[in-house]
Amino acid sequence: MSLVLEPRLLPGLAAIWRRCAAGFGDDGSPQDARSSRRIAFKLFAGIALLGAFWGSVIAVAGLNALYLCVALIGCAFILLDFRVGVVLLILLMPISNSDVFPHAMFGITGLNPLNPLLAGTLGSYLLHGLSDGSLRRFLPRPLFWLYVAPILLAGALGSRHVGDIAPAFFMYDLLDFHDVAGYVLDRVVKPLLMVVFALLVGAAASKSEKPEKFLIPALISIWVMGSMVIVFVAQSGVALHQLASSDSREFLSALGMHANELGRLYVVAYALLLFTWAESKEFGIRLLLLASMGLVMAALVLTFSRGAFVGFVLVNLLFPLWRRNAKNLIFLGLLAAVALFALPGAVYDRVATGSGEGLNAISAGRVDLIWLPLLPELLRSPIYGSGLGSILWSDAMRSGAGVTILPVSHPHNAYLEALLDMGTAGLILVGAYFAHVWKGFRALGPDPSLSPTLRGFYLGAAAGLLGFLVASVTDGSLAPKPEQVFLWLAIGMMYGQRARKPAAREMRRAEWA
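Residues numbered from 1 in each chain as written. Predicted model: local features only at pLDDT ≥ 70, side-chain atom pairs only at ≥ 80, totals over all residues. Heavy atoms only, no water.

(A) Representation of the overall build of the protein within the structure. Secondary structure summary: the protein contains 21 helices and 2 strands in total. When contacts within the protein are restricted to residue pairs at least 6 apart in sequence, long-range pairs at least 24 apart make up 74% of them. When the accessible surface of the protein is split by element, carbon and sulfur atoms take 68% of a total near 24,700 Å². (Helix = DSSP H or I, 4+ residues; strand = E, 2+ residues; numbered from the N terminus. Contact = heavy atoms within 4.5 Å. Areas by Shrake-Rupley, 256 points an atom, 1.4 Å probe, with all protein chains shown as cover.)

(B) Spotlight on the packing of helix α13 (residues 306-322) against helix α20 (residues 452-471). In contact at an axis separation of 8 Å, α13 and α20 are set at 145 degrees when each is read in the N-to-C sense. Once α13 is placed against α20, the crossing between them reads as right-handed. Along the contact surface, α13 presents Gly-307, Ala-308, Val-310, Gly-311, Leu-314, Val-315, Leu-318 and Trp-322, while α20 presents Leu-459, Ala-462, Ala-463, Leu-466, Gly-467, Val-470 and Ala-471. Per-class residue counts for the contact of α13 with α20 are 12 nonpolar, 3 polar and no charged. (Axes fitted to C-alpha atoms, helices over the stretch in contact; angles between N-to-C directions. Left-handed = near helix turned anticlockwise from the far one by under 90°. Nonpolar A, V, L, I, M, F, W, Y, C, P; charged D, E, K, R; others polar.)

(C) Structural context of the packing of aromatic side chains. What the rule picks out here adds up to 16 aromatic pairs. Centre to centre, the rings of Phe-275 and Trp-322 are 5.9 Å apart; their planes meet at 50 degrees, and the pair counts as tilted. Residue Phe-275 is found in helix α11 (residues 259-279), and its partner Trp-322 is found in helix α13; the two are separated by 47 residues along the sequence. Taken together, the ring pairs in this structure connect Tyr-147, Tyr-433, Phe-434 and Trp-488 into an aromatic cluster. (Phe/Tyr/Trp six-rings, centres within 6.5 Å; stacked < 30°, edge-to-face > 60°.)

(D) Quick peek at helix α6 (residues 141-158). For α6, with 18 residues, the first-to-last C-alpha span of 24 Å sits near the 26 Å given by 1.5 Å per residue. Along α6, the helix axis deviates most sharply at Val-148, where the bend reaches about 40 degrees; the proline Pro-150 sits within four residues downstream. Residues of α6 that are buried: Leu-143, Tyr-147, Val-148, Ala-149, Pro-150, Ile-151, Ala-154, Gly-155, Leu-157 and Gly-158. (Expected span 1.5 Å × (residues − 1). Bend = angle between axes of the 7 residues up to and from the residue. Buried < 20%, exposed > 50% of the residue type's maximum accessible area, 1.4 Å probe, protein only.)

(E) View of the side chain of Ser-134. One can find Ser-134 in the loop between α5 (114-132) and α6. Ignoring sequence-local partners within four residues, the contact set of Ser-134 consists of Tyr-125, Gly-129 and Lys-207.

(F) Broad picture of the nonpolar core. Counting 132 residues, the largest nonpolar core has Phe-441 and Met-493 as its most contacted members. Ranked by residues supplied to this core, first place goes to α11 with 15 residues. If near-sequence neighbours (up to four positions away) are discounted, Phe-441 is found in contact with Tyr-458, Ala-461, Ala-462, Leu-487, Ala-490, Ile-491 and Met-494. (Core = buried A, V, L, I, M, F, W, Y, C linked by side-chain atoms within 4.5 Å.)

(G) Here's a closer look at the side chain of Arg-306. If you trace the backbone, Arg-306 turns up in helix α13. Among buried charged residues, Arg-306 stands out as having no salt bridge; its nearest opposite-charge side chain is Glu-357, 9.7 Å away. Apart from residues lying up to four places away in sequence, Arg-306 is in contact with Arg-350, Val-351, Thr-353, Ile-362, Ser-363 and Ala-364. (Lys, Arg positive; Asp, Glu negative; His and termini not counted. Salt bridge = Lys/Arg side-chain N within 4 Å of Asp/Glu carboxyl O.)

(H) Structural detail: unusual backbone geometry. The backbone of Asp-173 sits at a positive phi, close to 55 degrees, despite the residue not being glycine. On the secondary structure map, Asp-173 appears in the loop between α7 (167-171) and α8 (180-206). Phi is positive for Ala-364, close to 60 degrees, though the residue is something other than glycine. Relative to the assigned elements, Ala-364 resides in the loop between α16 (359-362) and α17 (366-374). For Ala-364, a relative accessible area of 48% corresponds to the partly exposed category.

(I) Up close: α13. The end-to-end C-alpha distance of α13 is 25 Å, a good match for the 24 Å that 17 residues give at a rise of 1.5 Å each. Taken together, the buried residues of α13 touch α11, α12 (283-303), α14 (326-342), α15 (345-351), α16 and α20.

(J) Broad picture of the pattern of salt bridges. Taken as a whole and assessed by the stated rule, the structure comprises 9 salt bridges. For Arg-83, the salt bridge goes to Asp-81, with nearest N and O atoms at 2.6 Å. Take Asp-81: its relative accessible area is 1%, and that puts it in the buried class. Salt bridges linked by common partners bring Asp-186, Arg-187 and Lys-190 together as one network.

(K) How the structure looks around the packing of α12 against α13. In the contact formed by α12 and α13, the axes pass within 8 Å of each other and the chain directions differ by 145 degrees. For the crossing formed where α12 meets α13, the hand is left-handed. Where α12 abuts α13, its residues Met-297, Leu-300 and Val-301 lie against Ala-308, Phe-309 and Phe-312. Along the lines of polarity and charge, the residues of the contact of α12 with α13 split into 6 nonpolar, no polar and no charged.

(L) Broad picture of a nonpolar patch on the surface. A contiguous nonpolar surface patch, about 290 Å² in accessible area, is contributed by Val-180, Val-184, Leu-185 and Val-189. Assignment of secondary structure puts Val-184 in helix α8. (Patch = residues over 30% accessible without salt bridge, like charges linked within 9 Å, V, L, I, M, F, W, Y side chains within 5 Å.)

(M) A look at the confidence of the model for the protein. Taken residue by residue, the protein gives an average pLDDT of 84. The fraction at 70 or more is 81%. Long-range and interchain partners of residues 42-54, a stretch whose pLDDT sits below 50, account for 5 contacts in this model, where long-range means more than four residues apart. This stretch, residues 56-61, has a pLDDT under 50; its non-local contacts, to residues over four places away or in other chains, come to 5 contacts. (pLDDT = per-residue confidence, 0-100.)

(N) Up close: the environment of Gly-123. Topologically, Gly-123 is positioned in helix α5. Along the backbone, Gly-123 and Ile-78 are 45 residues apart, and their C-alpha atoms lie at a distance of 9.2 Å.

The structure is reproduced here in structure tokens:
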């Protein structure tokens, strides 16, 4: 909360306090004394009635009412300063897709604590943006034209094919929607909420004196996400060799995210932690970041995601190329040696899965049972694709689901998915957007006007982006997904930092004048 209690907010709270104090003021006259008692009585009576009301609601509706109450209280603070909502979103967004987070309240799907907070934060920012003129900078043009526009067009195209979806997906209840409205919500609206989250982070960072303070709730989220997998595996009692087997790939799905999704999330989180640790100067912060890296690495190992392992290795290879600090390299080298020695044999067995049996065995059947059957689909609409989720109504899926092709709802290759859904034009545009993001991260990494913490954070974001793109060869998506939350957090911070730069230059000129 100290993050948002900056000079602009404190006078407002002080004014409220003065008005309240004036209401309770007593100059000694009987009339003022009676007025003060009436105000106090009404205030405490209101608090008591509110407590009794929510207590009775919680007694009937359980924790759902508590979640809703907390969300509404949060929205009240958000109206004062939308950055309060951004802090809460950073804390909640990573776990919002897990099963430990409520996805429906009072039987209403979509009514969860996150959605009111997101809507309230966006509404509060729009009010602030209209008053100070910052609204015109809210949505950067590269983000809209290179990324959002292709997704919207592909979503509009795909909405025409909902009736053509292979019946097997409905028979086995593999989809969360059954009509056009559900398709648009699931495939277009929900993913783009991640973009809205990033834009709000950017707006908050641009209006804060020290944007690096937003990394505090991000660090808390990383600990929550890492601890979630470690605790779940420890409580389950499953042996590591069982968890590493190909038959247990769905084991972590009980948490709400597949093991491969969690692995990609941890790769980006690890990259952010590693480079921030390398740049930070304070011993306490470095120690905390080092402990966080250990937690994330342990969680990453438990996913047994080979794609994530490759992304992890790439991030560590980029570190000595971008950070030529002898002390850090020696320290990390010793840690790596100890880690390689301490890794359980199940990890090496998982990495060697399919070795010597051909590319199809190494890819866990992706080549013969997913990728090759889908190749003819590329010719149906090579320029602009067949719409988001086009694998669902592909000829290969409609005629051979479960026989010639695995009944999966995504192609297990982010680039193949982009070609199928958005065509070559869409893949080029989205690729150009990530190149734009990469250049932004790399430009901010060595920027001397930033604090060492932020410089390390942006270098880590660049490494995490490459690790994510490499891990996405065997799974994932280039469209916004829950496992990309820390990547989109970094993208939002980048846009916020770039919006701050003109003001920072003016401040430096004033200091030198």
